[in-house]
Amino acid sequence: MKVHQYSILLILNIVTLFTSNTGYAQEKISPNLKLQYFKNTDDQRLLKATLTFTQKRNEKPLPNREVTFYAGSKKEILAKIITNEKGTASIQLSNDYKLPLEKDGTWFFSSDFTGKDSIDAASSEISIKDVHLEMTANLVDSIKTINLKAYTSDNGKNIPVSGEAINIFAARMFNPLPIIDGTFDSNGTLSLEFPSDVPGDKDGNLTIIAKFDDHPTFGNVEKREVSQWGIPSRYQEPNTHRALWTKGAPTWMIVALTIMLIGVWGHYMYAIICLIRIKRSAKKEKNN
Amino acid sequence: MQADNKLLKDLTPEIEGTKASWYITFSIFFIIFVIGIYGLVQQISKGHIVTGMRDNVVWGVYIVNFIFFMGLSYAGAILSGALHLFHTSWRRPIIRLAELITVISLVIGPFFIFFCIGRLDRLYFLFIHPRIQSPITWDVIAICTDLVGCFIFLYLSFIEDFAILRDYKELEVPNWKKKVYSILSLGFTGTEQQRKIIASARTIMATMIIAIAIIVYSVLSWIFGVTLQPGWHSTIFGPYFVISAVFSGTGILIILMWIFRKIYHLENYITLRHFKNVGVLLIVVSAFYGYFTFSDYLTKWYGSVKMDSLLIDKLFSDYYSLFIFANYVGILLPIIIIGLPKFRTIRNITIAAAIALVALWINRYLIVVPTLETPFLPIQDSRAEWVHYSPTWVEWSLTLAGISVFGMLFMLVSKIAPIISISEMQEIDEEELLK
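Residues numbered from 1 in each chain as written. Chains lettered and ligands numbered in written order. Predicted model: local features only at pLDDT ≥ 70, side-chain atom pairs only at ≥ 80, totals over all residues. Heavy atoms only, no water.

Asker: So what about the overall build of chain A? Which residues, and what values?
Answerer: Each helix and strand counted, chain A has 3 helices and 16 strands in total. Residue burial in chain A is summarised as follows: out of 288 residues, 36% are buried. Long-range contacts, defined here as pairs at least 24 residues apart, represent 52% of the contacts in chain A between residues at least 6 apart. Only carbon and sulfur atoms are counted for the fraction: they give 53% of the accessible area of chain A, which is about 18,100 Å². (Helix = DSSP H or I, 4+ residues; strand = E, 2+ residues; numbered from the N terminus. Buried < 20%, exposed > 50% of the residue type's maximum accessible area, 1.4 Å probe, protein only. Contact = heavy atoms within 4.5 Å. Areas by Shrake-Rupley, 256 points an atom, 1.4 Å probe, with all protein chains shown as cover.)

Structure representation (structure tokens):
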């Protein structure tokens, strides 16, 4: 082999080393597992675990991993769920299922990921106090007023939630829009004036959400109420509409395409005429 | 029409007889093709579930192959048209190869679209309910127009050779073949008037196919560019696609030059000079291609739009090796190998071309797949296992079938027509005739 062929081989070897991505594969991943509790407006309860890891300061999901959910300090298995593409695994807790109550009147939940190959194990736990949230939206002296009441239960006795902050949102397409917030008084009640300049749908309908957002004791608990308190939104047809979605193509497009096609196919015709002329001249020559 | 006897013998090695090696190679290609057909039957009977395509990645290897083959075709058109128009003296042995690349790739490419369509039975809707404002309709019109133009251009270049073969008395071929040559040569006898007509038609068609190739490949790029998908919504996609097409076309031309030179012993016709000249073209196109690639990714990275950032992050993590190979190695290595006179041998230039070709195919893959894995709008009820795309054996078998058909068609053409244009080699200066 000549020297330069060795050089090429050397370059290819360097390239192979350069493009090799094994460095990433061998790094041990330390995942984060976050466990959250949700209670929706229909009192349906949900546990959600999110399995992620940090790479180059970016948080990335770990899909297709099995996460186990437990209830109570004795770790009663609730379910084993595979994480989705966002790294989350969720279970809905049936209202018929009696969750084990701890001595302090809370529910204890935990979840873990046992780890696999190059990924470490991870676990997470939360204690939740079940809170009951009530919301009414009324007009009081022409003022849009939201009345909230929150309480917990202890041996069948209602204990008002006091001094806790709660947020009011308006539902939007992607994330709820924060509107106002307030703090419950000693009776566990709260009255808030709802602003009158919040846009609703075309009829002024607005979904109002009262929510304990990632509360350390209550988790995520919300109540929803649909009212006509929004300003009706009028969608204005833009002057320039998306031409590609209309029934007919824009004139300039038809003109441009026609000119181009006539130009091109005209030249093709010329080439075909040339072929016919060759054939004719050959015939003429043969006859002569 | 008469030609030098040695020239005829050298340039028509497979026309008279068929060697065992031809049958063996053709059989291998045919077996690969049959496996591909079996894969296609599986796909038609069981549906697209047998492919790796799901809700997120609805365009997989099929579309990559479609873009790739169409790129080869347009590159062949631009190269053959330019070589013809500029009357470069060294073009003669390689112009026919460029012309054949154009037509053969153009015939194969659209089949990959058919493989990708779930409801092939509705394909004719494209023709009976066309929407002029749809880029897909532009593409259908463009490809059909291009196909006709390229066939005419190729046929024009073949007429003189068919006439030579028709009048070649010592040619020992079956009568049907002689008849075919007689019909296809249109009675061409090489009179001055006929030569003028054919030269003028070829010049016109050379100009047209260059223009059409640029327009058609731009139209193909706009199918991606007019969407808001991350990585696709780019104003430079048109010229970027055209340059990358020429890049791959130059690569395949060098590889075919090497193959035909080897198997048909054309060392006296396709020389180091040809490899060096086409190699220099590959360097220039590599530089432009690298510039466009850098420019495209730099603006996306600097803009830091959320979805673009996610895409670039994916390219530098999940697709790290492929990205580095396609956009660094595939561009720089051909430049280094061909750029340094020390390395400039026929074998090394061919290696550089092969690297460029593979890198370009991977580049196409990286344009199509990671973007679909990072959609602009979230996909409803998508499952984790649907996000990441991995081609199945069915897709690979059809990909290989496409490559084997490319090989088979070249082999079949070599059985009826010379791979190097005999008339071009007779050094007839058409420009002089036109004057």
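Asker: Residues and numbers for the overall build of chain B, please.
Answerer: The helix and strand tally for chain B stands at 17 helices and 0 strands. A compact globule built from 435 residues would reach a C-alpha radius of gyration of about 22 Å, and chain B, at 23 Å, matches this within 12%. Projected onto the principal axes, the alpha-carbon positions of chain B cover approximately 70 × 50 × 45 Å. Considering only intrachain contacts with a sequence separation of at least 6, the fraction spanning at least 24 residues in chain B is 84%. Of the roughly 17,700 Å² of accessible surface on chain B, a fraction of 69% belongs to carbon and sulfur atoms. Taken together, the 33 basic and 30 acidic charged side chains of chain B have centroids lying 3 Å from each other. (Rg over C-alpha atoms; globule rule 2.2 N^0.38 Å. Lys, Arg positive; Asp, Glu negative; His and termini not counted. Charge placed at Lys NZ, Arg CZ, Asp CG, Glu CD.)

Asker: Break down the pattern of salt bridges for me, citing the residues and quoting the values.
Answerer: Tallied over the entire structure, the rule returns 18 salt bridges over all chains. Among the ionic pairs, Lys39(A) bridges to Asp130(A), the shortest N-O distance being 3.0 Å. Taken together, the positions of Lys39(A) in strand E1 (residues 32-39) and Asp130(A) in the loop between strand E8 (122-128) and strand E9 (131-140) put the pair 91 residues apart, joining distant regions of the chain. One salt bridge in this structure joins Lys314(B) and Asp318(B), with 3.6 Å as the shortest N-O distance. When salt bridges that share partners are traced, they join Arg96(B), Glu99(B), Asp161(B) and Arg202(B) into one network. (Salt bridge = Lys/Arg side-chain N within 4 Å of Asp/Glu carboxyl O.)

Asker: Any details on unusual backbone geometry? Residues and values, ideally.
Answerer: Residues and elements named next belong to chain A. In this structure, Asn 64 takes a positive phi of about 60 degrees despite not being glycine. Within the fold, Asn 64 resides in the loop between strand E3 (58-61) and strand E4 (66-71). Exposure remark for Asn 64: the relative accessible area of 43% places this residue in the partly exposed category. Of note, the phi angle at Lys 75 is positive, near 55 degrees, even though the residue is not glycine. With respect to the element layout, Lys 75 can be found in the loop between E4 and strand E5 (76-82).

Asker: An account of the pairing of strand E12 (residues 165-170) of chain A is requested, with residue identities and associated values reported.
Answerer: All names here are of chain A. Here E12 pairs with strand E13 (residues 177-183) via 6 bridges, running antiparallel. In the sheet register, Asn 167 faces E13, and the bridge partner there is Asp 181. Joining the antiparallel neighbours E12 and E13 is a turn of 6 residues. The pairing of E12 with strand E15 (residues 206-215) spans 4 bridges and is classified as antiparallel. Within E15, the position partnered with Phe 169 by the bridge is Ile 209. (Pairing = 2+ DSSP bridges.)

Asker: Quick one: what's the story with the confidence of the model for chain B, residue by residue and with numbers?
Answerer: With 97% of its residues at a pLDDT of 70 or more, chain B shows a mean pLDDT of 88. Within the model, the stretch residues 428-435 of chain B combines pLDDT values under 50 with 15 contacts to residues more than four positions away or in other chains. (pLDDT = per-residue confidence, 0-100.)

Asker: Help me get a handle on the environment of Thr227(B), residues and values and all.
Answerer: Residue and element names in this part refer to chain B. One can find Thr 227 in the loop between helix H8 (192-225) and helix H9 (237-263). With 63 residues separating them along the chain, Thr 227 and Ile 164 place their C-alpha atoms 51 Å apart. When neighbours within four sequence positions are excluded, Thr 227 is seen to be in contact with Trp 232 and His 233. For Thr 227, the side chain forms a polar contact with the main-chain nitrogen of Gln 229, separated by 3.4 Å. (Polar contact = N/O pair within 3.5 Å; in protein donor to acceptor, adjacent residues only side chain to side chain.)

Asker: Tell me about the nonpolar core, residues and numbers included.
Answerer: When a protein is soluble and globular, its nonpolar side chains tend to lie buried together. Membership of the largest hydrophobic core comes to 148 residues, with the highest contact counts inside it found for Ile67(B), Tyr217(B), Leu253(B) and Phe410(B). Broken down by element, this core gets its largest block of residues, 16 residues, from helix H13 (residues 346-373) of chain B. Counting 45 residues, the second largest nonpolar core, distinct from the first, contains Ala71(A), Leu93(A), Phe109(A) and Trp229(A). (Core = buried A, V, L, I, M, F, W, Y, C linked by side-chain atoms within 4.5 Å.)

Asker: Run through the interface of chain B and chain A, naming residues and quoting values.
Answerer: The interface is formed by 51 residues belonging to chain B together with 50 residues belonging to chain A. For the pairing of chain B and chain A, the buried interface totals around 4,200 Å² over both sides, and the portion due to carbon and sulfur atoms is 72%. The largest share of the area that chain B buries against chain A comes from Gln133(B), Leu186(B) and Ile197(B), three residues that together contribute 15% of it. At the boundary of chain B with chain A, the tally comes to 1 salt bridge. For Lys60(A), the salt bridge is made with Asp313(B), and the minimal N-O distance between the two is 3.5 Å. One can count 8 residue pairs in polar contact (both at pLDDT 80 or more) joining chain B with chain A. Every element with two or more residues in the side of chain B that touches chain A is listed here: helix H6 (135-167), H8, helix H12 (320-339), H13 and helix H14 (384-387) of chain B. Element by element, the count of residues in the side of chain B that touches chain A is highest for H8(B), at 11 residues. (Buried area = accessible area lost by both parts, 1.4 Å probe.)

Asker: So what about the state of the cysteines? Which residues, and what values?
Answerer: This structure, assessed with the given rule, holds 0 disulfides over all chains. No disulfide involves Cys274(A); its sulfur sits 17 Å from the nearest other cysteine sulfur, which is in Cys150(B). The thiol of Cys116(B) is not disulfide-bonded; the next cysteine sulfur, from Cys144(B), is found 18 Å away. Residue classification places Cys116(B) among the buried residues on the basis of a relative accessible area of 14%. (Disulfide = S-S within 2.5 Å.)

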